[in-house]
Amino acid sequence: MPTPLPTNYDLHTHSHFSDGALSPTELLMRAQERGISHLALTDHDSVSGLEEAYQASQVHRVNLIPGIEFSCHWNFQLVHLVGLSIDPDNSQLQAGVEENKARRWQRADAIHADLKKRGYDVQDKVEALLVKDSVPTRPHFAQALVESGYAKNKKQAFKRFLVPGKPGYIAMQWPSLAEAAGWIQTAGGVAVLAHPMRYRLTRTKLIRLIKDMLDVGVNALEVATPITEPQQMIMLAQLCKEHNLFASRGSDFHSDDQPWAKLGGAPLLPEAVQPVWDQFNPTINPTPN
Ligand code: AMP
Ligand code: MN
Ligand code: MN
Ligand code: MN
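Quick summary incoming for the structure in this document. (Residues numbered from 1 in each chain as written. Chains lettered and ligands numbered in written order. Predicted model: local features only at pLDDT ≥ 70, side-chain atom pairs only at ≥ 80, totals over all residues. Heavy atoms only, no water.)

## As for the coordination of the manganese ion (ligand 3)
Within the protein, the atoms that donate to the manganese ion (ligand 3) are Glu69 (OE), His80 (ND1) and His195 (NE2), at distances of 2.1 to 2.2 Å. Counting gaps between the donor residues of the manganese ion (ligand 3) yields the pattern E-x10-H-x114-H. (Donors = N, O, S within 2.8 Å, 3.2 Å for Na, K, Ca; no water.)

As structure tokens, then:
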């Protein structure tokens, strides 16, 4: 029997259909170069890149896991829920995507109005950055502010603009965690709490979030990311064990401008955890091995 090829999963990536720099085709090409065997495209509130990604996955012989990253609210806290192995044609999922897209377009209009009121007009620049069928994100605004000379880089743009108390900040009403989880699950997908350390929750609060997640059937944590410290990974793996959670591995790759989040750059999952891919729906991933 031939030895099976080693697997190498990256289950959190972005394309230019949200705030990533690459097209899905370029992303799949890059995945092949970096020895990734299974790649999930998880654009913010969008499945528009999945068709192109699927075509490219066949050319580049990478298994595509259809995915999404939903913005949602848990107790007034913004959290990101990654959906993996989803059926992008599911009508309830699509209705959820349309709901969040509408929220994003409304916010974009409000950001433009607020920035213009304060003397910063970046509407033409933002529009030039958006590819057809993509969703507007704050990084598009940050980029446009840089191009207009209002900030020296995107990091500075996210300090001076677009955040609470600064020009261009608009508070959002995202769907609840339960709603977003429902959209993913109805589409046959597995919901994963993205980058759990990013929310800066106390341990007590993180456990409360995990319990509320479990109540709505979300049973996975993103344990391995390029910016997760070894100690944090041990802690997250322990939480997985205590609460019977599955573990995911993803880079959150957006572009080469973020050297800390390279495609395929997440460490391997700790041995003790159960990988999230054990739960994937085999009928939804028809790409060849
Ligand atoms: P949005 O979902 O449109 O509000 O945009 C959120 C996205 O902005 C995140 O997924 C990050 O990719 C990016 N982002 C958030 N904060 C920063 C920051 N301080 N610097 C650079 N990018 C950021
Ligand atoms: Mn992003
Ligand atoms: Mn995120
Ligand atoms: Mn992401």
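## Focus: the coordination of the manganese ion (ligand 2)
Protein coordination at the manganese ion (ligand 2) comes from Asp19 (OD), His44 (NE2) and His254 (NE2), with a distance range of 2.1 to 2.2 Å. Mapping the donors of the manganese ion (ligand 2) onto the primary sequence yields the spacing D-x24-H-x209-H. A separation of 5.5 Å is found between the manganese ion (ligand 2) and the manganese ion (ligand 3). Highlighted residues: aspartate 19 in the loop between strand 1 (9–10) and helix 1 (24–33) and histidine 254 in the loop between strand 7 (246–249) and strand 8 (274–275), separated in sequence by 235 residues. The same class applies to aspartate 19 and to histidine 254, which are both buried. (Helix = DSSP H or I, 4+ residues; strand = E, 2+ residues; numbered from the N terminus. Buried < 20%, exposed > 50% of the residue type's maximum accessible area, 1.4 Å probe, protein only.)

## Some thoughts on a positive patch on the surface
A contiguous patch of positive charge, built from Lys152, Lys155, Lys159, Arg160 and Lys166, is present on the exposed surface. Its location among the elements puts lysine 155 in helix 6 (residues 154–160). Taking relative accessible area as the criterion, lysine 155 reaches 62% and is therefore assigned exposed. (Patch = residues over 30% accessible without salt bridge, like charges linked within 9 Å, V, L, I, M, F, W, Y side chains within 5 Å. Areas by Shrake-Rupley, 256 points an atom, 1.4 Å probe, with all protein chains shown as cover. Salt bridge = Lys/Arg side-chain N within 4 Å of Asp/Glu carboxyl O. Lys, Arg positive; Asp, Glu negative; His and termini not counted. Charge placed at Lys NZ, Arg CZ, Asp CG, Glu CD.)

## Structural notes on the environment of proline 164
Structurally, proline 164 is set in the loop between helix 6 and helix 7 (177–186). Taking relative accessible area as the criterion, proline 164 reaches 59% and is therefore assigned exposed. Along the chain, proline 164 and glutamate 229 lie 65 residues apart, while their C-alpha atoms are 28 Å from each other.

## A look at the pattern of salt bridges
One pass over the full model with this rule turns up 8 salt bridges. A salt bridge links aspartate 45 to arginine 104, with the shortest nitrogen-to-oxygen separation between them at 2.8 Å. On the criterion of sequence distance, the pair formed by aspartate 45 in the loop between strand 2 (38–41) and helix 2 (50–60) and arginine 104 in helix 3 (residues 91–117) is long-range, its members being 59 residues apart. Ionic pairing is found between arginine 198 and aspartate 252, a salt bridge with its closest N-O pair at 2.9 Å. Placement of arginine 198 in the loop between strand 5 (190–193) and helix 8 (203–215) and of aspartate 252 in the loop between strand 7 and strand 8 is noted, with a sequence separation of 54 residues between them. By relative accessible area, aspartate 252 is classed as buried at 12%. Look at the salt bridges and you will find they share partners, linking Asp114, Lys117 and Arg118 into a network.

Purely geometric numbers; function is a separate question.
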